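Here are the chains, one letter per residue:
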Amino acid sequence: MSLNPTEKEPLLQDESTHDVEPVDPAKVIVTTAQKQPPPEDLPSIKRRINVLLSFWVVVIFLGIPLWWVTTSIYRAPLPITEMQNWAEGRACRVEFPLLVEVESLTLPEPESLLKSVQHALDDANDFSAHHIRLRLAKTNNGKEKDEKEKSKKGTNKSTEDSREEVAATLRLIPGEKGSTKHSYALHPWSRTIDILYSPTHKLNPSSAASVANLSSFIALTLQEIFSEEQQMITHLLGTSGVSPSTTTPLTTTSTATNGSGGPPGKAPVDITRKISRIVRYVPKYHITISLFTATGVPRSWDIVSSLESHFQPLLAALSPLSTFTIDTQIQYYASFSPSVQPVWNEDLKAFTLAKEDLSSFINSAEWPLTFLGEGTAINFIVYIPSPSQSPLLIPSSPTNSFLIPQWGGVAIFNPPTQPPVLDQKTLKPLMHTFSTQLLSLLGAPSYPPSLPLSLRLDSLTRQRSAELLVSASSTLGSLARLTKALPSIAIPATVLSSVQTTLQNLQTTCDELKVGNFNAALRAGRIASEEAEKAFFERTMVSQVYFPEEHKVAVYLPLLGPVGVPLVMGAVRGWREWRARKKALGV
């Protein structure tokens, strides 16, 4: 059986009509299905959430409390209100009652005279914080009688009276016969004031005119003696606001000529000028006494014995106020400042220095006067000029010396010859000059000129008490303002202890001043001032004052960034997944 070729031809034609196009391998796109991770099972989800929560638990309950404890600043609870009350003068009204005892053995009725004098003093006093109170002194018989009465009653003298100090004793003594005017005299080594009244008053003590005349003189005398002290205390308290009072003029005039007679009056003292030359109070002063000579002589000086005889007694009397230390030195071939040119005075037959030259007399470039120890330095200089410039005088100074405010004093000594040694007798007037200058630098009253040292030191004690009270109160106010202005500053427990000690001693000072116990007030005031300064200049607090807030940001950002960002991003991711799962479940 043979095949028919015509039957196969259509098939071949059909196959030849389909053209097959070649395939470009570059255009072939292979599509593969993306492989998905297996669904996260429930235990894995819980494990991841627990890990995230564990980090946050550690941060919240361990990290933050540990950071808070280690970086928190301790601020002791200071009594801010009480500190501000002292600074603004609301905690204490300061009083300086000066008790003056009056002795009168010749006047028959001294009580009426005392009442008249007290009334005159009260009327003339325009500063109530500082007032004079008179008390009649008891005779020996009166004291024995009073003690017997107290022993019968079983009572003792009150504590307040025993603490009160007698500022002065006033003795009423008849004057010389034929004298028609009253006068007074001051004892150089005691607190006694003698009133020498006219014999005409003794003849008629009950006359109103006679009593008024004598009482007016006594009142004016006491005002003159204590006027400079009153002006100083008025200035100290009036400028600080510690005690509300009526201020008095800082400069007054006087009609008195000396301290032994004549019509008394107020002290002719410029308080503003006096304040400008007083050295600032510190617990310790260092005194340097120097001998500067323009030549090589004298080779030595008897300074040790001179200090022991003429200077140390004053320092011993001043010891309740502050501590004083002394050293001495000699400098040869020392010339004063080149800008100073002495001028020959034909009338005085000497070289003279003008007032303008005194301010630049010290040769600070060549004279070794620097003190680097503890305390404030006070310098006293004895200068011996060269023979070519001798004698060298200061025409305006009777002692040939001058005072440098808040620094010290200079005395120019012109020896008649060139002695190899300055003995104690030669140095005695120089030591007296330095003693007077030291009292002026400390602020002791200088009027009347005959005012004894005991009254000057008592007055200086009261002035220092007022100054310490003002200084400690002002320091407490500054500390209170500092702690309120800087809430991030550390206040250690030592500051709180010092503040409490300061407040206690300030109250003690105020109480002792009111009862007239001025030495005890000074001791408490010194402690209050030292503790207040100690609290204000605490080292840890001073360092915190200069620690800005920007520095904290610069410290914390590099630490919190790497730790906080992963935790926050993990929490945000977990929250998003939780929301997505919640939507998928249709909840």
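Note that this is a predicted model, so its numbers are computed, not measured.

Participant: What is the right way to look at the overall build of the chain in this model?
Facilitator: A count of helices and strands for the chain gives 18 helices and 15 strands. Residue burial in the chain is summarised as follows: out of 587 residues, 39% are buried. In the chain, once contacts between residues fewer than 6 apart in sequence are set aside, the share between residues at least 24 apart is 77%. Carbon together with sulfur atoms contributes 58% to the accessible area of the chain, which is approximately 33,300 Å² in total.

Participant: Just to check I follow, could you spell out helix 16 (residues 518–536) for this structure?
Facilitator: The periodicity of an α-helix, 3.6 residues per turn, causes residues three or four positions apart to be oriented the same way. Between its first and last C-alpha atoms helix 16 spans 26 Å; for 19 residues at 1.5 Å apiece the expected length is 27 Å, and the two agree. Burial in helix 16 covers these residues: Phe518, Ala520, Ala521, Leu522, Ala524, Gly525, Arg526, Ala528, Ser529, Glu531, Ala532 and Ala535.

Participant: Please clarify how the nonpolar core should be interpreted in this entry.
Facilitator: With 64 residues, the main nonpolar core has Leu134, Ile193, Ile195, Ile218, Leu222 and Val499 as its most contacted residues. The element contributing the most residues to this core is helix 8 (residues 208–240), with 11 residues. Non-local contacts of Leu134, meaning those with residues more than four positions away in its chain, are made with Val100, Val102, Leu114, Val117, Gln118, Leu121 and Leu222. Counting 36 residues, the second largest nonpolar core, distinct from the first, contains Leu427, Met431, Leu460 and Leu468.

Participant: Help me out: how do you make sense of the state of the cysteines in this one?
Facilitator: Covalent bonding between the sulfur atoms of two cysteines defines a disulfide. Here the structure, examined in full by the defined rule, presents one disulfide. Here Cys92 is linked by a disulfide to Cys510, with a sulfur-sulfur distance of 1.6 Å. One disulfide, between Cys92 and Cys510, carries an S-S torsion of 80 degrees and so falls in the right-handed class. With Cys92 in the loop between helix 3 (80–87) and strand 1 (96–103) and Cys510 in helix 15 (residues 493–514), this residue pair connects regions lying 418 residues apart in the sequence. The pair formed by Cys92 and Cys510 is uniform in burial state, with each residue classed as buried.

Participant: Even after reading the chapter, I still don't get the side chain of Arg462, so can you show me in this structure?
Facilitator: One can find Arg462 in helix 14 (residues 453–485). A polar atom in the side chain of Arg462 sits 2.5 Å from the side chain of Glu229. Discounting residues that sit within four places of it in the chain, Arg462 has contacts with Phe96, Leu98, Ala167, Phe226, Glu229, Ile233 and Phe518.

Participant: Please clarify how the pattern of salt bridges should be interpreted in this entry.
Facilitator: The full count for this structure, using the stated rule, is eight salt bridges. The partner of Glu101 in a salt bridge is Arg135, with the nearest N and O atoms 2.5 Å apart. Of this pair, Glu101 sits in strand 1 while Arg135 sits in strand 2 (residues 130–136); the two residues are 34 residues apart in sequence, bridging distant segments of the chain. Classification of Arg135 as partly exposed rests on a relative accessible area of 27%.

Participant: So what exactly am I meant to see when it comes to the environment of Pro429 here?
Facilitator: Structurally, Pro429 can be placed in helix 13 (residues 424–442). You can call Pro429 partly exposed: its relative accessible area is 47%. Put simply, Pro429 and His310 are 119 residues apart on the chain and 9.1 Å apart in space, counted from C-alpha to C-alpha.

Participant: How do you make sense of the sheet that holds strand 5 (residues 192–197) when you look at a structure like this?
Facilitator: Picture the strands of a sheet paired through backbone hydrogen bonds; they go either parallel or antiparallel. Within the open sheet, the five strands sit side by side as 2-1-3-5-4. Their pairing is mixed. Because the sheet does not close on itself, it has two edges, and the strands there are strand 2 and strand 4 (183–186). Between one strand and the next, the sheet's axes are offset by a mean angle of 25 degrees, whatever the strand orientation. Across six bridges, the pairing between strand 3 (residues 166–174) and strand 5 is parallel. Bridge pairing links Pro174 to Tyr197 in strand 5.

Participant: Would you mind showing me how to read the UniProt feature "transmembrane region" (unreviewed entry) in the chain here?
Facilitator: Residues annotated by UniProt as "transmembrane region" (unreviewed entry) correspond here to residues 49–69 and 553–572. The annotated region residues 49–69 carries 100% helix and 0% strand content, and the separation between its end C-alpha atoms amounts to 29 Å. Structurally, residues 553–572 is divided into 100% helix and 0% strand, and its ends, taken at the C-alpha atoms, are 25 Å apart.

Participant: I'm lost on the pairing of strand 6 (residues 284–293) in this one. Help?
Facilitator: Taken residue by residue, a regular strand's side chains alternate between the two faces of the sheet. With nine of 10 residues buried, strand 6 lies mostly within the body of the structure. In terms of strand pairing, strand 6 meets strand 8 (residues 323–331) through nine bridges, oriented parallel. By the bridge assignment, Ser290 is partnered in strand 8 with Gln329. Where strand 6 lies against strand 11 (residues 376–384), nine bridges are found, and the strand directions are parallel. Considered in strand 11, the bridge of Phe292 is made with Tyr383.

Participant: In this structure, what is going on with the pairing of strand 5? I would like to understand it.
Facilitator: Within strand 5, five of the six residues are buried, which leaves it mostly tucked inside the rest of the structure. The loop that links strand 4 with its antiparallel partner strand 5 comprises five residues.

Participant: Mind showing me how you'd approach the sheet that holds strand 9 (residues 343–345) here?
Facilitator: In spatial order, the strands read 9-10-12; together these three strands make up an open sheet with mixed pairing. At either end of the open sheet lies a strand with only one pairing partner, and these are strand 9 and strand 12 (392–393). Where strand 10 (residues 350–352) and strand 12 come together, two bridges link them in parallel fashion. The residue bridging Phe351 from the neighbouring strand is Leu392, located in strand 12.

Thresholds, definitions, all that
Residues numbered from 1 in each chain as written. Predicted model: local features only at pLDDT ≥ 70, side-chain atom pairs only at ≥ 80, totals over all residues. Heavy atoms only, no water. Helix = DSSP H or I, 4+ residues; strand = E, 2+ residues; numbered from the N terminus. Buried < 20%, exposed > 50% of the residue type's maximum accessible area, 1.4 Å probe, protein only. Contact = heavy atoms within 4.5 Å. Areas by Shrake-Rupley, 256 points an atom, 1.4 Å probe, with all protein chains shown as cover. Expected span 1.5 Å × (residues − 1). Core = buried A, V, L, I, M, F, W, Y, C linked by side-chain atoms within 4.5 Å. Disulfide = S-S within 2.5 Å. Polar contact = N/O pair within 3.5 Å; in protein donor to acceptor, adjacent residues only side chain to side chain. Salt bridge = Lys/Arg side-chain N within 4 Å of Asp/Glu carboxyl O. Pairing = 2+ DSSP bridges. Axes fitted to C-alpha atoms, helices over the stretch in contact; angles between N-to-C directions. UniProt positions renumbered as here; feature names shortened; annotations may be inferred.

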